[in-house]
Each structure stands twice: as C-alpha cells, then as structure tokens.
Amino acid sequence: MTTETLINKKDTGFFGHPLGLTTLAFTEMWERMSYYGMRGLLVVFMVLAVQEGGFGMTEQSANAIYGLYTGAVYFTGLLGGWMADRLLGGQKAVWYGGIIIMFGHIALAIPGTNTFYFGLILVVLGTGLLKPNIGAMVGQLYSDNDQRRDSGYTIYYLGINIGSAIGGFICGLMQVNYGYHAAFGAAAVGMGLGLIQYRLTAKNIANVFDKPTVKMSTKAITFSWSAIVGLLLVLGIVTVFAMLGTLKIEPLAITGSIATIVFTIFILYFLVIFLRGNLSDIEKRNVGALFLICIASICFWAGFEQAGSSFNFFAENNTDRMLGAFEIPTQWFQSLNPVFIIVLSPFFAALWINLGKRMIQPSYSVKCAFGLIIMSSGFFVMFFAAQFAANSMKVAPMWLVATYFLHTVGELSLSPVALSAVSKLSPRRFAGQLMGVFILTYSIGSLAAGLLAGLVNAGDAVVDPSVYLQVGLFGTSAGIILYLLSLKTRKWEKLAEKDDSPNVAKVSA
C-alpha cells in the first residue's frame, strides 16, 4: 500500500470522504449551474424578434445551432482529456477551463451577434477542458480498492444535479425580471463563484492530478502545443470571417455535415478495433454487445436533448404557464430533470440491489433497451399535447412534467448502465479508447437532436404532432430490437463480468 493510499484512507474530513471531494463537487455544481442556466435560454433567445433583443432566427436554425453547440461540448471533451493527461495536468485544465467558461458567459451577457457566437465558442472550449478532468480527479481522491469510491461519485453527481436545478431557477428568474443578457451574466457569476471556491480550497486537492500522467518528450510537447495553437488560429480565422460576413455559415448544413463526420469516425473506430485489434472470440462478442449499447445511447440522446430545444419552444409558446397572477419562467422546466434525478436516484440504486438479492440481474443491453423505450414513451405524451397545441390551444404544464419524468426514468435506466458496460465489456488494452468512443455517442446524439428539433417547428406556436409520434415509434422500435438482440448478447456480457476488475482499474486511471 502506497503512502498516497494511506493518506486517502485517513482523509475523512467530509462525512467520511476526502476533503477534496468538497472542492470538486462544489466547483462542478457551479459549473453546471452556469451551463444549464444558459442552455435553457439559448434557443428561445435566438428566435426572439430583433426589436425584442433577439436574433429573429428560424426555429430550425436555432435548433441546429443548439445541436452543434451541445455536440461540440462533448467532442472537445476528448481533446480536453488528452491535454490534461499529456500537457497540463487535471488541476490546471479545470482552472483554465473554468476561466474560459466564465469569459464565455460574460461575452454572452454583452448584447451583439458577434459577442454571442464568440461567447458560445469560449464556453465550448472551456467545458471541453473542465468537464472530463474534474470527473477524473474525483476518482483519484481514492485508491483503487477504496470502498468509498462509488459513494463519492454519488455525492459528486448530486452536486451536478443541484447545480443544474439552481441554474434553471436563477437564470429563468433573471431573464423574466432583467432580460436575457442579465441571465447570461448570472451564469458568469455562477462560474466565477465556482472558481473562487476552487482556488480557496485548492489545498484539499494538493496532490491530485496536479501533473500530466503521460510522459512526453520535449519535441512531442512542442509539436502538440504547436498543433493546438494552429487549430485555435484556424478556428479564430473562421470565426472572424464569419463575423465579417465573408464566410457564409448555414447552421443546418454544418450540423448535418459534422454529424455525418463524427458518426463515420465512430463506425470506423469500432471496425478498426474489431477487425484489426487482434481480439479473441470472446472479446469480439463483447465489442459487438458494446456497439449495440452505443447505438442505443445515440438514439437516447437524440431524443433526450429535445429538452433544451423543441421542448423549450413548446414550454415558451404552447404551454399555459400562468399560476394565478404568476407566470412560470420557461427555463424553470429545465430544472425538472435534475430535481427528478435527485429524488429518483436512491430508488434506482435500491432497485438494482434488491433485484440482485432476488437473483434477477438484467443484462446491460436489457436495461438500456428499457431505458430507451421509457424515454421514447415521453414522445407519445408530447404527441397528444402537440395535438391540442396544433389547434391553437395552450396546454397544461403537466404534459411537460410527465414527459420530463419519463425521460429522467429512462436516463437513470440507461446512462449509468451504459457507462458501466463500457468498463466491463471493453477489451483491457482498448478500455480508455472505447470510453472516448462512447463519449462520441453523446456528441452524435446531440447533433442529431438539433436536426430533429428543427422538424418539430414549434417556434410560432405551430407544432407538428406527427414528428413526436414518429420519434416515439422509432425509439420504441429501436428499444425492442435491442431487447431481442440482448437475448443473445447477454450471454457474452456474463462472460465479461467474470473478469471485470482489470477493466475497471484501467478506466478509473
């Protein structure tokens, strides 16, 4: 047992957990407050008439930009994790990422088209640095065999959802009383508070991921920084040309093209590992089972990310938000998902434990299949709500509440299970790479969500109910197909579970 392990065992300053958990959990809480607070404002602000301070965009363009934004956040996380491992270390990545995010929100708070897009780019880049590395730092607070690890991550994710709920509430209230730019400013303040407490409590994480974990030669480091600077210069030039109007950018076309490129990368990576990875027969079966779970994840996030796009429009234009003399801010509906997660998470944890005691252990594929089906059922709810809205009626808020509830149940059934499946089913030598490929499913799903939301056309109180019905039928059909295939793949998953410890250790590192 190493000295570091002994220190970790003795560090019980936060309800039996290391004090560093407070630093990381509260930093992430404020970062999520800023991210989800701003996300809930985004599409509604972009379609707002110019005379009201918005950009007067079409719903399709706003949804495409939203999909591009959320997809880019996940995609840049791959680069952010790589930079922390090889160039910066996790602590610096989180610190600089938070600063970039804060300045991004400050730019959003300044009226103007150019400052708006510049702000979005900064938030994407900063989140790519901060998000993957702060989660990795939580794991490094504990030794590999520390039984507190899972409980620590539970507290960490509780902070995420508290921050998400606070963000929707505060930024929604600010928007109603002081306008959109003040609400963007509130997101900047939230990130600023996270940075202050991160710096003031930095002693709690003094030796945690403070240096790069992969040693590189001086030449390789120089080349890497040159490549990064080059990429940023290209991004800067494209941004300037777009701002000057020299380069015409079509959001729908760009989102579709990038979604195609990322999906192609996803497929090719799986093919290369499957065909050229020297896999054993068992490993090939595991990778095949994991591929199905990844496809389910893409379908899931394409539907789930309607929360910030088409559902947000539905709340703004088609929902009766009056409670007496008080009008519920549109953004408050964005807080429903994190609140439901906080309430339901203990029940799901108890469910899997009790099923295990009864010797009932659904496979990863089965859990993901049911998660996808449950999420898809929310679109059937929206189909009926949209039918009323299509007749120029404003519907009760409970339609959206019911939809967000079903989506949350689906998320709790699929999301944590899929992450666990990556660690269990990945061949040991490809565990880290396949986790990165799995993260691409979030990006692909988010990009697809932006394109899908454009088909709903909810912006002018004109809703196409058939789109919700088609999404519900597609998601349900995909879930049923996954379930049928799981009757075969569950045998492969059982074989992988017999020797899972090396995989878990590899991913945790």
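Anything mentioned here points back to the structure above.
Residues numbered from 1 in each chain as written. Predicted model: local features only at pLDDT ≥ 70, side-chain atom pairs only at ≥ 80, totals over all residues. Heavy atoms only, no water.

Draft legend 1. Fine view of the packing of aromatic side chains. As enumerated under the stated definition, the model contains 33 aromatic pairs in all. Measuring from centroid to centroid gives 6.0 Å for F311 and Y468, while their planes differ by 45°, and the two rings are tilted. Taken together, the residues span a long stretch of sequence, with F311 in helix α11 (residues 310-317) and Y468 in helix α16 (residues 465-497) at a distance of 157 residues. Exposure class is identical for F311 and Y468. Each is buried. Geometrically, the ring pair formed by F340 and F405 is edge-to-face, given 5.4 Å between the ring centres and 85° between the ring planes. Of this pair, F340 sits in helix α12 (residues 336-357) while F405 sits in helix α14 (residues 398-425), and the two are 65 residues apart along the sequence. Cluster of aromatic residues (ring-pair linked, three or more members): F45, F55, F116, Y117, Y180 and F184. When the ring centre of Y35 is taken as origin, the NZ or CZ atom of R32, which lies over that ring, is 4.3 Å away. Over the ring of F274 we find K284, and its NZ or CZ is 5.7 Å from the ring centre. (Phe/Tyr/Trp six-rings, centres within 6.5 Å; stacked < 30°, edge-to-face > 60°. Helix = DSSP H or I, 4+ residues; strand = E, 2+ residues; numbered from the N terminus. Buried < 20%, exposed > 50% of the residue type's maximum accessible area, 1.4 Å probe, protein only. Lys NZ or Arg CZ within 6 Å of the ring centre and 35° of its normal.)

Draft legend 2. Region of the structure containing helix α4 (residues 90-109). Along its 20 residues, α4 runs 29 Å from first to last C-alpha, staying within 8% of the 28 Å computed at 1.5 Å per residue. Residues of α4 that are buried include every one of G90, Q91, A93, V94, W95, G97, G98, I101, G104, H105, A107 and L108, and no others. The inward-facing, buried residues of α4 contact α2 (20-47), α3 (59-88), α5 (113-139) and α7 (180-200). (Expected span 1.5 Å × (residues − 1). Contact = heavy atoms within 4.5 Å.)

Draft legend 3. Inspection of the packing of α4 against α5 at higher detail. In the contact formed by α4 and α5, the axes pass within 7 Å of each other and the chain directions differ by 155°. Classified by the angle between their axes, α4 and α5 sit roughly antiparallel to one another. The crossing of α4 and α5 is left-handed. Its residues assigned to classes, the contact of α4 with α5 shows 17 nonpolar, eleven polar and no charged. (Axes fitted to C-alpha atoms, helices over the stretch in contact; angles between N-to-C directions. Parallel < 35°, antiparallel > 145°, perpendicular 65-115°, else oblique. Left-handed = near helix turned anticlockwise from the far one by under 90°. Nonpolar A, V, L, I, M, F, W, Y, C, P; charged D, E, K, R; others polar.)

Draft legend 4. Quick look at the pattern of salt bridges. One pass over the structure, following the stated rule, counts six salt bridges. Here R321 ties to E316 by a salt bridge, and the two come within 3.9 Å at their closest N and O atoms. Classification of E316 by relative accessible area gives partly exposed; the value is 24%. When its relative accessible area of 8% is taken as the criterion, R321 is described as buried. Linked through salt bridges whose partners overlap, the residues forming this network are E316, R321 and E327. (Salt bridge = Lys/Arg side-chain N within 4 Å of Asp/Glu carboxyl O.)

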